[in-house]
Amino acid sequence: MGKVYLVGAGPGACDLISVRGKRLLQGCDVLIYDRLASEELLAYAKADCEKIYVGKSTGYHSISQEEINHILVEKAKTNNTVVRLKGGDPFVFGRGGEEAQALIENNIEFETVPGITSAIAVPEIAGIPVTFREVSQDIHIVTGHTAKNEITDYKALARTKGTIVFLMAVSTISTIAEKLIKYGMDEYMPVAVIENGTTENERILKTELKDIGTAIKMVRPPAVIVVGETAKYDLVSKSKRTTVAITGTEDFRKRLGRQLTDRGYNVKEVCRLKVKANNVDISTDKYDWLVFTSRNGVNVFFDHLKEKKKDIRSLKNKIAVIGEGTYKALSEKGIYADYMPNIYTSRALGKGLNEIAENESKLILRAEKGSDEIYEHIKNYNEVKLYSVEAEYITKCRENYIVFGSSLGVNTYLDKYEIADSTSIIAIGEVTRRALESRGYGNIYCCKKPTVDSIVERIEENEKIQKTESK
Ligand code: SAH
């Protein structure tokens, strides 16, 4: 028997999910989601994960709650780990409670994983605190959907001194506002409407209760509507956080993302590349040298050895690596490279190896479609295309910076999107920079060394210069 996790996806931005939620998402066999789950979150699931959309798309046939419950139960019965991803928190509207009941009735094991609810987070990121000392002591989270059925006690609500947060209320708020005024709420009460909160498409509209009927005509769901004194607050820093878009393979994105987040940058993954090992036969015995041009190459090679049950002691070769990162990846396997050039480029690697070992035989272990510069100087070699890199997920970059860690990344991204003039472009090294230039981009910041540390340094330097210039 499988198990179901009712996971809160958070209010919109893909990094506002809990650590537990993300981990479950990465491991599940079946993912059941609806419209509010961000597309970027879906990309965390495994490639062979079955993804089922059960969202309600207004105007078309919408799948009923009973059908959703049925899918949850059936998928769990066939031994799957099922994640039911729900916008915000699973138990704040959105019928998560009913799904839990259905699972209990059918004896299905399940767990709930709380999420950050849009009711609080969407106003917060828009600068509105839902409570504030001596201004608003309590909050009421109300659905606009039942407005016509009169379940909500508007008389009591009109008397509150607190904040009212309406969800699902775009189509009903004008009627609701009329009722609140009728029962005595001040018609000048501040109102804020936040559309697509916490995402790059966020729009904030401020008005007063008496005018909401007109103002709401410009709003499309999803939107949170805040009614109360705190709705007029605007607690956002005047200096916006710098955001950095990153592209590359998982290992690169993680290392860079972590360093940037620690330094206070907003990070967004705009292009995820996946390393796919090629099915190749590698016989290393007859070579004096093995040559690695990337960390990924090292990792794929050692995975290959493991799969073929080859003991690493069978490797009698000397090993050359392109630079620090690759050296480190190799040392994590317990092997210390015999050669690394002073400048970390494939051209320098080829040239350097030729100087110290021109007549010795070399096996170059590298990516398909990688840079060919290594071949400019190297002699006496063979090569194996160990792996290829594929795009797993791409979205348009709207950030202050975009970072490219390889020429492959450049070409994959630019095949789909252009880069706006307002975005500064960072290239990890010369080869990557040339790839950008050959696609018509200039003004590229290149790093001193092709390492994650050096990328971070480059961004920090740029930021310092910009701050001094704007003073
Ligand atoms: N369980 C969810 C709420 C589900 S009801 C939670 O805890 O957030 C769906 C409603 O949530 C929408 O109609 C809208 O009112 C609100 N909502 C969800 N995400 C939103 C977002 N990013 N911006 C504005 N409103 C949002």
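Residues numbered from 1 in each chain as written. Predicted model: local features only at pLDDT ≥ 70, side-chain atom pairs only at ≥ 80, totals over all residues. Heavy atoms only, no water.

Caption draft 1: Structural context of the environment of Asp421. As for its position among the elements, Asp421 is in the loop between helix 13 (407–416) and strand 18 (424–427). Residue classification places Asp421 among the exposed residues on the basis of a relative accessible area of 83%. Through-space distance from the C-alpha of Asp421 to that of Gly352 is 38 Å; in sequence the pair is 69 residues apart. (Helix = DSSP H or I, 4+ residues; strand = E, 2+ residues; numbered from the N terminus. Buried < 20%, exposed > 50% of the residue type's maximum accessible area, 1.4 Å probe, protein only.)

Caption draft 2: The state of the cysteines, seen in detail. According to the stated counting rule, one finds 0 disulfides in the structure shown. Of all cysteine sulfurs, the one in Cys397 lies closest to Cys14, which takes part in no disulfide; the gap is 14 Å. Its relative accessible area of 17% is what places Cys14 among the buried residues. Here Cys49 is not cross-linked by a disulfide; its sulfur's nearest cysteine counterpart is in Cys28, at 3.9 Å. When its relative accessible area of 7% is taken as the criterion, Cys49 is described as buried. (Disulfide = S-S within 2.5 Å.)

Caption draft 3: Quick look at the packing of helix 13 against helix 14 (residues 430–438). Axis separation between helix 13 and helix 14 bottoms out at 8 Å; the angle between their running directions is 25 degrees. When the axes of helix 13 and helix 14 are compared, the pair comes out roughly parallel. Helix 13 and helix 14 meet at a crossing whose hand is right-handed. Listed contacts from helix 14 to Ser407, Val410 and Leu414 of helix 13 are Val431, Thr432, Ala435 and Leu436. (Axes fitted to C-alpha atoms, helices over the stretch in contact; angles between N-to-C directions. Parallel < 35°, antiparallel > 145°, perpendicular 65-115°, else oblique. Left-handed = near helix turned anticlockwise from the far one by under 90°. Contact = heavy atoms within 4.5 Å.)

Caption draft 4: Expanded view of the nonpolar core. Core analysis: the biggest nonpolar cluster contains 43 residues, and Phe301, Tyr413 and Leu436 have the highest contact counts within it. Sequence-distant contacts of Leu436, defined by excluding residues within four places in its chain, comprise Phe404, Val410, Leu414, Ile419, Ile425, Ala427, Tyr441 and Ile444. Among the nonpolar cores identified, the runner-up in size contains 25 residues, and Val170, Leu180, Met189 and Leu205 belong to it. (Core = buried A, V, L, I, M, F, W, Y, C linked by side-chain atoms within 4.5 Å.)

Caption draft 5: Quick look at the environment of Tyr188. Summarising the element assignment, Tyr188 is placed in the loop between helix 7 (173–182) and strand 8 (190–195). Look at Tyr188 and you get partly exposed, because its relative accessible area is 46%. Residues Tyr188 and Thr207, 19 residues apart in the sequence, show an inter-C-alpha distance of 8.7 Å. Apart from the residues within four sequence positions on either side, Tyr188 is in contact with Glu208 and Lys210.

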